[in-house]
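# An overview of the molecular structure
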Amino acid sequence: MDPVRVAVVGAGVMGLSTALCISKLVPGCSITVISDKFTPETTSDVAAGILIPHVYPDTPIHKQKQWFRETFDHLSAIANSAEAGEAAVHLVSGWQVFQSIPTEEVPFWADVVLGFRKMTEAELKKFPQHVFGQAFTTLKCEGSAYLPWLEKRVKERGGMILTRRIEDLWELHPSFDIVVNCSGLGSRQLAGDLEIFPVRGQLLKVQAPWVKHFIRDGSGLTYIYPGASNVTLGGTRQKGDWNLSPDAEISRDILSRCCALEPSLHGAWDIKETVGLRPYRAGVRLQKEILARDGRRLPVVHHYGHGSGGFSMHWGTALEATRLLKECVQALRAPTPKSKM
């Protein structure tokens, strides 16, 4: 039986993780990842990569919890393996602090992360502007190392990598039997989806090797995430802003906010500014679609729109996209009924 030719459009964390899932779970497929940008030039390379979910208003909570748990389990296995260093996945403990008591003191993901508990009054003394906090251990994933790790695994399993800009998904017909669209913001053009828009994130990468614990303001706007090679300080959420150039005034504001949470950061050095555009919509799009033109058909699986929750959910949603792809493969392989004479 000829292999089913699958094109995965997009080479961020969604495209590469979906390609790897398909190669593991759907036999008889040849996979090609097609993108005009690869690491280190994707949005995923800029992302802080810490596993703390935000809530998608259009997605049932039980579904979000499943995606998060599957992603946490996947990255935990890497963190506990000899590949942890190469993939730059590690456990990190810290605090999420609030200036007023949140409506949900225990979030839906509390029993997925490790050791989740309410902070003590003694711990809160470190944060005099905050009245409530949560302490827990989660995972951090460095996109700049994790993406090459994923790409290497895709290639080892026979996947191809192709640098090419796609203007229209129909370009891939008839070279491919099924397309998986992981193009993020590119889906405005490729899928005509005007529900997806950029939320600009500017952050700083600094050297502050003494910072060992993450600190996140409950609003999610100010955060300090220690990583393998630097500390990520953030951030911004600028809806509808396409500007990829760092703004020096915003950088000063980020540093000031982070120093208010962790005064030792006044001693940080080698400060690098970086900007990424999060692909935001009210709910992740995980959906099959059949494109039809002149009697020809091209099955498409859409997998995009994670906003700032990409790393927190990527493996769980990739597994779901892979299930949808499997249904497309089965439909292609189903024998066509012969007409009766």
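Residues numbered from 1 in each chain as written. Predicted model: local features only at pLDDT ≥ 70, side-chain atom pairs only at ≥ 80, totals over all residues. Heavy atoms only, no water.

### A closer look at the environment of V4
Position of V4 among the secondary structure elements: in strand β1 (residues 4-9). On a C-alpha basis, the gap between V4 and V329 in space is 7.1 Å, while along the polypeptide they are 325 residues apart. Once residues lying within four places of it in the same chain are set aside, the contact partners of V4 are G28, C29, S30, D177, I178, V329, L332 and R333. (Helix = DSSP H or I, 4+ residues; strand = E, 2+ residues; numbered from the N terminus. Contact = heavy atoms within 4.5 Å.)

### With respect to the UniProt feature "binding site: D-dopa" (unreviewed entry) in the protein chain
When the UniProt feature table is mapped onto this chain, "binding site: D-dopa" (unreviewed entry) is found at Y223 and R278. Counting through the fold element by element, Y223 comes out in strand β10 (residues 223-226). Its relative accessible area of 7% is what places Y223 among the buried residues. Residues contacting Y223, with those up to four places away along its chain left out, are A48, L203, I215, R216, T232, L233, G234, G235, C258 and R278. Turning to its location among the elements, R278 is positioned in strand β13 (residues 269-293). (UniProt positions renumbered as here; feature names shortened; annotations may be inferred. Buried < 20%, exposed > 50% of the residue type's maximum accessible area, 1.4 Å probe, protein only.)

### Side note on the environment of T236
Looking at the secondary structure, you find T236 in the loop between β11 (231-234) and β12 (238-239). Exposure remark for T236: the relative accessible area of 8% places this residue in the buried category. Put simply, T236 and V199 are 37 residues apart on the chain and 8.5 Å apart in space, counted from C-alpha to C-alpha. Within polar-contact distance, the side chain of T236 engages the backbone nitrogen of Q202 at 2.8 Å. (Polar contact = N/O pair within 3.5 Å; in protein donor to acceptor, adjacent residues only side chain to side chain.)

### Examining the packing of aromatic side chains
Applying the stated rule across the entire model yields 13 aromatic pairs. Measuring from ring centre to ring centre gives 5.9 Å for W109 and F116, while their planes differ by 90°; the resulting arrangement is edge-to-face. Seen in terms of ring centroids, W109 and F136 are 5.1 Å apart; in terms of plane orientation they differ by 65°. Their pairing is edge-to-face. Here W109 is found in the loop between β3 (89-98) and β4 (114-118), whereas its partner F136 is found in strand β5 (residues 132-141), with 27 residues between them in sequence. Neither residue differs from the other here; W109 and F136 are each classed as buried. Among the aromatic residues, those joined into a cluster by ring pairs are W109, F116, F136, F214, Y223 and Y225. (Phe/Tyr/Trp six-rings, centres within 6.5 Å; stacked < 30°, edge-to-face > 60°.)

### Considering the UniProt feature "binding site: FAD" (unreviewed entry) in the protein chain
UniProt's feature table lists "binding site: FAD" (unreviewed entry) at T43 and S44, given in the numbering used throughout. For T43, a relative accessible area of 37% puts it in the partly exposed group.

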